[in-house]
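Residues per chain are reported as follows:
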Amino acid sequence: MPRTNEPGRSVSSRLLGLLFAFQPGESELSLAELARKTGLPHATARRLVLELTEAGALERRPDGRFAVGLRLWRLGTLAPLTESLRTMAQPFMEDLYTALHQHVQLAVLEGEEAVIIERLSGRRALGLVSQVGGRLPLHCSGVGKVLLGHAGPELSGRVLGTELRRYTSRTVVHPDALRRELADCRRTGSALVRGELTPEADSIATRIMNGEGRVVASLSVVVRAGSVQPQSVLPSVITSGLGISRMLGWRPGIRVREG
């Protein structure tokens, strides 16, 4: 927990700390929770939270808790990479969903995790641990392996150099085995993950590239284990990924780059 009186800590850093305290699964927080999560004195947290609320960055719920405000949400939708990706990917994701009626999700790399920026899901589709705005581990999710495999040796070295969490009995955690999988991922541009993050879920993922050949996102379909043959879904997923890549300026002949 941060110290309550950090030398040189600016007002803006405290405001950002309050905003970043909100996470998937913690979309509403009380003043006491905000003060605890940021390490700010209660009086300071209260003053800054009220300022953020007055500006529309936060809103106060009927029960007194706070949530991200509409003005801040609108600002977030202006992020150029995520918004352009979501807009360009939407028709391809809709086609995949119409054909398969399974989860279809789009993710980007942030730090050492994959962040889901869009998802289409059916009512009867398999329940998942993540949601839009949620984060997935790189070493055992379909979108994560695609992003990690193309992120370059520095990031893969950091991730594989740590003790990786085993989510299920099928989670691959041995560094050498993962390196082989990531090499295959770079070669094929895709990843098949069976029951590594959620026991009953299989993920079929592919890369999305920009005009420079850099992998900027990953597209995946998540299905209930045993409901379909992943290999039968893979061509459709790859084709959709290539279609989105073309929208971003990629063309055949542009070499895929790492990092």
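What counts, and where the lines are drawn
Residues numbered from 1 in each chain as written. Predicted model: local features only at pLDDT ≥ 70, side-chain atom pairs only at ≥ 80, totals over all residues. Heavy atoms only, no water. Pairing = 2+ DSSP bridges. Helix = DSSP H or I, 4+ residues; strand = E, 2+ residues; numbered from the N terminus. Axes fitted to C-alpha atoms, helices over the stretch in contact; angles between N-to-C directions. Contact = heavy atoms within 4.5 Å. Salt bridge = Lys/Arg side-chain N within 4 Å of Asp/Glu carboxyl O. Buried < 20%, exposed > 50% of the residue type's maximum accessible area, 1.4 Å probe, protein only. Polar contact = N/O pair within 3.5 Å; in protein donor to acceptor, adjacent residues only side chain to side chain. pLDDT = per-residue confidence, 0-100.

Engineer: How would you sum up the sheet that holds strand 5 (residues 113-120)? Please name residues and give values.
Structural biologist: If you trace the six strands from one edge of the open sheet to the other, you get 6-5-4-9-8-7, paired in antiparallel fashion. At either end of the open sheet lies a strand with only one pairing partner, and these are strand 6 (135-137) and strand 7 (190-194). Taken pair by pair, the neighbouring strands of this sheet meet at an average axis angle of 30°, ignoring direction. Packed onto the sheet, helix 6 (residues 142-149) meets strand 4 (103-110), strand 5, strand 6, strand 7, strand 8 (201-209) and strand 9 (215-224) and runs at close to 155° relative to strand 9. Helix 9 (residues 230-247) contacts strand 7, strand 8 and strand 9 of the sheet and is inclined by roughly 25° relative to strand 8.

Engineer: Could you give me a rundown of the pattern of salt bridges, with the residues and numbers involved?
Structural biologist: Two side chains carrying opposite charge are able to pair once their charged atoms lie near each other. All chains considered together, the criterion is met by 16 salt bridges. Notably, a salt bridge pairs arginine 86 with glutamate 118, separated by 3.1 Å at the nearest N-O pair. With arginine 86 in helix 5 (residues 80-100) and glutamate 118 in strand 5, this residue pair connects regions lying 32 residues apart in the sequence. On the basis of relative accessibility, which here comes to 26%, the residue arginine 86 falls in the partly exposed class. The partner of glutamate 112 in a salt bridge is arginine 158, and the shortest N-O contact between them spans 2.9 Å. Taken together, the residues span a long stretch of sequence, with glutamate 112 in the loop between strand 4 and strand 5 and arginine 158 in helix 7 (residues 153-160) at a distance of 46 residues. By relative accessible area, arginine 158 is classed as partly exposed at 40%. A single salt-bridge network, built from bridges that share partners, covers Glu28, Glu59 and Arg61.

Engineer: Explain the environment of serine 12 residue by residue, including any values.
Structural biologist: With respect to the element layout, serine 12 can be found in helix 1 (residues 11-20). A distance of 2.9 Å separates polar atoms of two side chains, one belonging to serine 12 and the other to serine 10.

Engineer: So what's going on with the confidence of the model for the chain? Which residues, and what values?
Structural biologist: Here the chain averages 88 in pLDDT, and 89% of its residues register 70 or above. Here residues 1-5 is a poorly scored stretch, pLDDT under 50, and it has 12 contacts once near neighbours within four places are set aside; other chains count.

Engineer: Before we move on, could you go through the environment of arginine 186 and cite the residues and values that matter?
Structural biologist: Note on placement: arginine 186 falls in helix 8 (residues 175-188). Among the residues examined, arginine 186 registers a relative accessible area of 32% and is labelled partly exposed. Taking the C-alpha atoms as reference points, arginine 186 and leucine 147, separated by 39 residues in sequence, lie 9.6 Å from one another. Setting aside residues up to four positions removed in sequence, arginine 186 forms contacts with Gly149, His150, Arg207 and Glu258.

Engineer: An account of the pairing of strand 7 is requested, with residue identities and associated values reported.
Structural biologist: Here strand 7 pairs with strand 8 via five bridges, running antiparallel. Residue pairing across strands places leucine 192 opposite isoleucine 204, the latter belonging to strand 8. In textbook terms, the turn of a hairpin is the stretch between consecutive antiparallel strands, and for strand 7 and strand 8 this stretch comprises six residues, one of which, glycine 195, has a positive phi near 60°.

Engineer: Residues and numbers for the sheet that holds strand 1 (residues 28-29), please.
Structural biologist: In space, the three strands of this open sheet follow the order 1-3-2, with antiparallel pairing throughout. At either margin of the open sheet sits one strand with a lone partner, and together these are strand 1 and strand 2 (58-60). Pairing between strand 2 and strand 3 (residues 66-68): three bridges, direction antiparallel. Along strand 3, the bridge assignment pairs arginine 60 with phenylalanine 66.

Engineer: A description of the pairing of strand 4 should follow, citing residues and the corresponding values.
Structural biologist: Each regular strand carries side chains that alternate between the two faces of the sheet. Across the eight residues that make up strand 4, a large majority, six, are buried. Judged from the five bridges that link them, strand 4 and strand 9 form a sheet pairing that is antiparallel. Residue histidine 103 lies in a different strand from strand 9, and its bridge partner there is valine 222. Relative to strand 5, strand 4 is paired through seven bridges, and the arrangement is antiparallel. Each bridged residue has a counterpart across the sheet, and for leucine 106 the counterpart in strand 5 is glutamate 118. Where strand 4 hands over to strand 5, the hairpin turn is made up of two residues, of which glycine 111 adopts a positive phi near 65°.

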